[in-house]
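Below are the chains, spelled out letter by letter.
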Amino acid sequence: TPALKVRTQVYYNRSDTWFDLGGGDIYESTTYGYGTYGLVVKSLGEHWSVGGYLEAESSTYSNIKLSLSAAPALEYDLFPYSESTKRQLRFLYRIGLTRVRYDEETVYFKTVETLLQESLNVAYEVVRPWGKASVQLQGSHFFHDFSKNRLELEAELEFRIWRGLSFEIDGSYTRIRDQLALSAEGASLEEILLRQRQLATGYDYSLSVGFNFSFGSTRSNVVNPRFGNG
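Residue positions are counted from 1 within each chain, in the order its sequence is given. Reporting of local features is limited, given that this is a predicted model, to residues whose pLDDT is at least 70; pairs of side-chain atoms are given and counted only at 80 or more, and all residues count toward the totals for whole chains, interfaces and linings. Note that water and hydrogens are dropped before the side-chain values are worked out from all heavy atoms of the structure.

**Quick look at the overall build of the protein chain**
Operational definition: Helix and strand labels come from DSSP, where a helix needs a run of H or I of at least four residues and a strand needs a run of E of at least two; each type is numbered from the N terminus. Buried residues are those whose accessible area, probed at 1.4 Å on protein chains only, stays under 20% of the maximum for their type, while exposed residues exceed 50% and partly exposed ones sit between those limits. Note on contacts: a residue pair is in contact if any heavy atoms of the two residues lie within 4.5 Å. Per-residue and other accessible areas were derived by the Shrake-Rupley procedure at a 1.4 Å probe size, with only the shown protein chains allowed to occlude residues. Residues scored as charged are limited to Lys and Arg (positive) and Asp and Glu (negative), so that His and the chain ends carry no count. Positions of charges follow a simple convention, taking NZ of Lys, CZ of Arg, CG of Asp or CD of Glu.
Secondary structure summary: the protein chain contains 1 helix and 10 strands in total. Listing every helix and strand of the protein chain by position from the N terminus yields β-β-β-β-β-β-β-β-β-α-β. Considering only C-alpha atoms, the protein chain reaches an extent of 65 × 40 × 30 Å along its principal axes. Residues classed as buried in the protein chain amount to 33% of the 230 residues present. Within the protein chain, contacts between residues at least 6 apart in sequence are counted, and of these 56% link residues at least 24 apart. Split by element, the accessible area of the protein chain, about 14600 Å² in all, is 57% carbon and sulfur. In the protein chain, 24 side chains carry a positive charge and 28 a negative one; their mean positions are 10 Å apart.

In C-alpha cells form, the structure reads like this:
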C-alpha cells in the first residue's frame, strides 16, 4: 500500500555432484544454502521512509553455518515519492547487527562472532518515453575494523522496443575488502575448479545484455518505490 511495504522471501538450494576420474577414483561433493529474508517499510510523508530488515541464512559455499541479522534503516528521497515513475534520487542508511556461526574456523581464527555493520546506498533513476536509466552506489564497513569494507557500483540502461518489450544492458563492479568468513583451511583443487568454495578476491565485476518483457495492469493504483526492490 502507499503507507506500508512488506517483502518476504524463503529459499533453499542443494547441489550433488559425482565425477568419475577413472581407475576407480570417484569425487563426490554436496553444497547447499538456505535462508529467509524480510523487509518492512513505513511511509513518513513524501520524502522520508523508515523500515527494518530481518535475515537468516546458511551456506556451505560461504562457510556460514548460521547467520542471523537485524537492521533498522532510514531513507530520504530528494524528489517526492509521487514522482517515482519519472525520477528518484534515494539515500538509504542502514545499520545492522549480525550473529554468525561458521562451519570451519576462519582466516581470522573465529568460529562464532557478533558484527556491527553500517551502509549507505545512493540510487538515481530516471524514466523517459525511450526507456529507463539507473545507477546505484553503496558503501559499507564493519565497526570493529574500518578496513573491512566494500564499495559497489551498479548501472542499468533499458530501451523500450514495443509496449512491454525492452532491451537491457546491466553492469556492476565491486571492490571487496570484507571477506570475514573465509575458511582457514582454504579450498582443495577440486573445490576451486568446481566453484564450491568462496575464494579470497579484491574485486568482482559483471556485464549482461538481454531482453525483458513485462505485462500486467496499467491501472494499478499503488506504486511504492521506497527502499527500491529491497
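**A look at the sheet that holds strand S7 (residues 131–142)**
Which entries qualify depends on this criterion: Two strands are counted as paired when DSSP detects at least two bridges linking them. Between N-to-C directions, angles span 0 to 180 degrees; the directions come from axes that are lines fitted to C-alpha atoms, helices contributing only their stretch in contact.
Read across the sheet, 10 strands follow the order S1-S2-S3-S4-S5-S6-S7-S8-S9-S10 without closing on themselves; strand pairing throughout is antiparallel. Either end of the sheet is taken by a strand with one partner, and the two such strands are strand S1 (4–22) and strand S10 (203–213). On average, each strand axis in the sheet is inclined to that of its neighbour by 15°, with strand direction left out of account. Where S1 lies against strand S2 (residues 25–44), 18 bridges are found, and the strand directions are antiparallel. Bridging across to S2, arginine 7 finds its partner in leucine 39.

**So, the pairing of strand S6 (residues 112–128)**
As defined by bridge partners, strand S5 (residues 87–102) adjoins S6 across 15 bridges and the pair is classed as antiparallel. Note that in S6 the partner of arginine 87 across the bridge is valine 126. With 12 bridges connecting them, S6 and S7 associate as antiparallel partners. Within S7, the position partnered with valine 122 by the bridge is leucine 137.

**Overview of the packing of aromatic side chains**
Given two aromatic rings, their pairing is described by the distance between the two centres and the angle made by the two planes. This is how it is decided: Within 6.5 Å between ring centres, the rings of Phe, Tyr and Trp (the latter by its six-membered ring) count as paired, and their orientation is classed by plane angle as stacked under 30 degrees, edge-to-face over 60, tilted in between. In this scheme, Lys NZ or Arg CZ marks a charge over a ring once it lies within 6 Å of the ring centre and within 35 degrees of the ring normal.
Taken as a whole, this structure holds 10 aromatic pairs when the rule is applied. An aromatic cluster is built from Tyr12, Tyr32 and Tyr34, whose rings are joined through pairwise contacts. The ring of tyrosine 53 has arginine 94 sitting right over it, with the charged end atom 4.0 Å from the ring centre. Above the plane of the ring of tyrosine 81 lies arginine 226, whose end atom (NZ or CZ) is 3.8 Å from the centre.

**Things to note about unusual backbone geometry**
Of note in this structure, asparagine 63 is not a glycine but carries a positive phi near 65°. Within the element layout of this structure, asparagine 63 appears in the loop between strand S3 (48–59) and strand S4 (64–77). One non-glycine residue, phenylalanine 227, lies in positive phi territory at about 65°. Inspection of the secondary structure assignment puts phenylalanine 227 in the segment after S10. What makes phenylalanine 227 buried here is its relative accessible area of 3%.

**Let's talk about the environment of proline 2**
Position of proline 2 among the secondary structure elements: in the segment before S1. Here the alpha-carbon distance between proline 2 and asparagine 13, two residues 11 residues apart in the chain, equals 34 Å.

**Description of the pairing of strand S9 (residues 165–176)**
The pairing of strand S8 (residues 145–162) with S9 spans 12 bridges and is antiparallel. By the bridge assignment for S9, arginine 150 is matched with isoleucine 176. Counting the residues between successive antiparallel strands, the hairpin from S8 to S9 contains 2 residues, one of them, arginine 163, with a positive phi of roughly 45°.

**So, the pattern of salt bridges**
Short version of the rule: A carboxyl oxygen of Asp or Glu within 4 Å of a side-chain nitrogen of Lys or Arg is what we treat as a salt bridge.
Scanning the model with the defined rule gives 7 salt bridges in all. Arginine 87 serves as the salt-bridge partner of glutamate 83, at 3.0 Å between the closest nitrogen and oxygen. The class for arginine 87 is partly exposed, based on a relative accessible area of 34%. A salt bridge links aspartate 145 to lysine 148, with the nearest nitrogen and oxygen atoms 2.9 Å apart. Judged by its relative accessible area of 25%, aspartate 145 is partly exposed. Each of the salt bridges in this network shares a partner with another, and the network as a whole consists of Glu104, Glu191 and Arg197.

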